[in-house]
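# Chains, contacts and geometry: an overview
Residues per chain are reported as follows:
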Amino acid sequence: AGQIDVTIPGVNMVRTLGAEIEGTIRTLIGPATGLASPTGVTLDSAGHLWVANSGNATVTEYAADASGNAAPIATIGGKETTLNRPQALLVLSPPGATTSADLGVSQRAAAIAGSVVPGGEPTTYHFELGLTTAYGTTTPARLATGPLA
């Protein structure tokens, strides 16, 4: 039914609430969490919680089922990252491509329809075709760009 993630910087806490009247789903709080003035939060496609911590210039990642005084599964920070009081996060979807059934096949030509979703990053793609599953012919590589997906 959905959820709402809330950062509470003053007490170094992130709380996940049910979008409907379901109550609290989880609360991350405690010294093992690495939370330090959390200011931004997002979920990735695996359900992992990502938190921007402006207090210690880090981004922390938590398992989908993390709760309580759970340690992050990853922490991004340090001088080489140039993070300085991060405020918000955006998780990009990986690029993807789909093709439909053929639109027409003859001895000399084939027509297919497909789409490429670049997921916010420039993505190079090509198609392979042939008379057998060994293919044998590759179309020229093309670059797909587009808005964040």
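I will try to describe carefully the structure that is included in this document.

Analysis parameters
Residues numbered from 1 in each chain as written. Predicted model: local features only at pLDDT ≥ 70, side-chain atom pairs only at ≥ 80, totals over all residues. Heavy atoms only, no water. Helix = DSSP H or I, 4+ residues; strand = E, 2+ residues; numbered from the N terminus. Buried < 20%, exposed > 50% of the residue type's maximum accessible area, 1.4 Å probe, protein only. Contact = heavy atoms within 4.5 Å. Areas by Shrake-Rupley, 256 points an atom, 1.4 Å probe, with all protein chains shown as cover. Pairing = 2+ DSSP bridges. Axes fitted to C-alpha atoms, helices over the stretch in contact; angles between N-to-C directions. Polar contact = N/O pair within 3.5 Å; in protein donor to acceptor, adjacent residues only side chain to side chain.

Below, the discussion takes up the overall build of the chain. Looking only at helices and strands, one finds 0 helices and 15 strands in the chain. Looking at the chain residue by residue over its 149 residues, the buried ones come to 23%. The contacts in the chain between residues at least 6 apart in sequence include a share of 36% that link residues at least 24 apart. When the accessible surface of the chain is totalled, it reaches about 9,500 Å², and 56% of it is carbon and sulfur.

In space, the 4 strands of this open sheet follow the order 4-5-6-7, with antiparallel pairing throughout. Where the open sheet ends on each side, the last strands, each with one partner, are strand 4 (38-43) and strand 7 (74-77). Sheet twist, expressed as the average angle between the axes of neighbouring strands with direction ignored, equals 15 degrees. Where strand 5 (residues 49-53) lies against strand 6 (residues 58-62), 5 bridges are found, and the strand directions are antiparallel. What sits directly across from L49, in strand 6, is Y62.

Right, let's talk about unusual backbone geometry for a bit. Both trends apply: most residues other than glycine have a negative phi, and most peptide bonds are in trans. In this model, S37 sits at a positive phi of 50 degrees, which is unusual for a non-glycine residue. The partly exposed category is assigned to S37, whose relative accessible area is 26%. In the Ramachandran plot, R85 falls in the positive-phi region, its phi being about 55 degrees despite a non-glycine side chain. With respect to the secondary-structure elements, R85 resides in the loop between strand 7 and strand 8 (96-99). Residue R85 is classed as exposed on the basis of its relative accessible area, which comes to 53%.

To continue, consider the environment of P38. Its place among the elements puts P38 in strand 4. When neighbours within four sequence positions are excluded, P38 is seen to be in contact with T7, I8, P9, N12, M13, V14, V51, A52 and N53.

Moving on: the side chain of T27. Along the chain, T27 turns up in strand 3 (residues 24-29). Taking relative accessible area as the criterion, T27 reaches 15% and is therefore assigned buried. Beyond its immediate chain neighbours, meaning those up to four positions away, T27 contacts M13, V14, R15, S67 and G68.

Position of T33 among the secondary structure elements: in the loop between strand 3 and strand 4. The class of T33 is buried, set by a relative accessible area of 0%. Polar contacts involving the side chain of T33 include one to the main-chain carbonyl oxygen of G30, which spans 2.7 Å. In contact with T33, not counting residues within four places along its chain, are L28, T60, Y62, G68, N69, A70, A71 and P72.

Looking now at the environment of T137. The residue T137 is located in strand 14 (residues 137-138) in this model. Using a relative accessible area of 44% as the deciding quantity, one classes T137 as partly exposed. Between the C-alpha atom of T137 and that of F127, which follows or precedes it by 10 residues, the distance is 8.4 Å. Apart from the residues lying within four places of it in its own chain, the contact partners of T137 are F127, E128 and L129.

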